[in-house]
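Each chain, written out:
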Amino acid sequence: TTLGASAAERGGRYFGAAVAANKLSDNVYTTILNREFNSVTPENEMKIDATEPNQNQFNYTNADRIVQHARSRGMAVRGHTLAWHSQQPGWMQNMSGTALRNAMLNHVTQVATHYRGQIHSWDVVNEAFADGSSGARRDSNLQRTGNDWIEAAFRAARAADPNAKLCYNDYNTDDWTHAKTQAVYRMVQDFKQRGVPIDCVGLQSHLNNQSPYPSNYRTTLSSFAALGVDVQITELDIENANATWYRNVVNDCLAVSRCTGITVWGIRDSDSWRASQNPLLFDGNGNKKAAYDAVLQAL
Ligand code: XIL
């Protein structure tokens, strides 16, 4: 069996991978992708600098290639990401105030409209909270347009693609006691109370072996789920691909019925943004690693 097929048998979950358009011509890569995964996330191709390189000039070429590859094979697509402080095109980096707010909302509307009906879940807003113990929002040009920029982005996304699940996505939100996790939790709670459209929380889960496995990870997942949102593990990779940690992540997700899917952030170690840490399920030659066996066994 395969990762995707096993996940599907576990309550209709998905098991996905981040995919790069320029690797779709690599046979080893696409063989693994097509065999193992039933969801894809474009690694960079839907980011703001890729889809709107010049203001109001949209380029969907590379993102469309991934969407076409996935949908023609029955895979789901996670959209990543509509509003983010990073990987902004130069024109947006230099904007502020009302002009930036309107440009951001136009971007959300245009891109979500282009992919209307084709996206399983959108990471509407990515990484809006600060690291450390403050629990504050991250300072960024978007945050400086006003604290309501996140809910404005979610409302625009809902209007453009009413059937996509709308997610808030962040990293270092695995440990339930971490101030950043608590801050995201309070925002989601507030959104649910006030009727701001939000359907899911993405935990990137770029896990670092130097700290212990977050023993309260399952508590984090179930606490968000109890707010009435799905949880998705959206960018999983683990330093040195510790097989026990991979198994723990799968078991923790399976223990929470609203944990609906897991995405690993790349296919082979050589495809990873953390390649030197060999953090993925397949080695550079495309061979299954011990972590792969651990994940498949747990699923
Ligand atoms: C990373 C990509 O993997 C790299 O190719 C790119 O150079 C930088 O971005 N959090 C996210 C992802 O939400 O978009 C990031 O992806 C990794 C961290």
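Residues numbered from 1 in each chain as written. Predicted model: local features only at pLDDT ≥ 70, side-chain atom pairs only at ≥ 80, totals over all residues. Heavy atoms only, no water.

Peer 1: If you had to explain the overall build of the chain to someone new, which residues and values would you point to?
Peer 2: From N to C terminus, the chain includes 11 helices and nine strands. Since a compact globule built from 299 residues should have a radius of gyration of about 19 Å, the 18 Å found for the chain is in line with a globular shape. Taken over the C-alpha atoms alone, the chain extends approximately 50 × 40 × 35 Å along its principal axes. Evaluated residue by residue, the chain yields a buried proportion of 60% over its 299 residues. Once local pairs closer than 6 in sequence are excluded, the contacts in the chain between residues at least 24 apart make up 76%. For the chain, the distance from the average site of its 28 positive side-chain charges to the average site of its 29 negative ones is 4 Å. (Helix = DSSP H or I, 4+ residues; strand = E, 2+ residues; numbered from the N terminus. Rg over C-alpha atoms; globule rule 2.2 N^0.38 Å. Buried < 20%, exposed > 50% of the residue type's maximum accessible area, 1.4 Å probe, protein only. Contact = heavy atoms within 4.5 Å. Lys, Arg positive; Asp, Glu negative; His and termini not counted. Charge placed at Lys NZ, Arg CZ, Asp CG, Glu CD.)

Peer 1: I'd love a proper account of the environment of Val201, names of residues and values included.
Peer 2: Locating Val201 in the fold gives a position in strand E6 (residues 200-203). Each C-alpha atom, one on Val201 and one on Thr181, is 11 Å from the other, the two residues being 20 residues apart in sequence. With residues near it in sequence (within four places) discarded, Val201 still touches Tyr168, Val188, Phe224, Val229, Asp230, Val231 and Gln232.

Peer 1: Talk me through the confidence of the model for the chain; I want residue IDs and the actual numbers.
Peer 2: Within the chain, residue pLDDT values average 98, and 100% of them lie at 70 or more. Note on the complex model: pTM 0.98, ipTM 0.99. (pLDDT = per-residue confidence, 0-100.)

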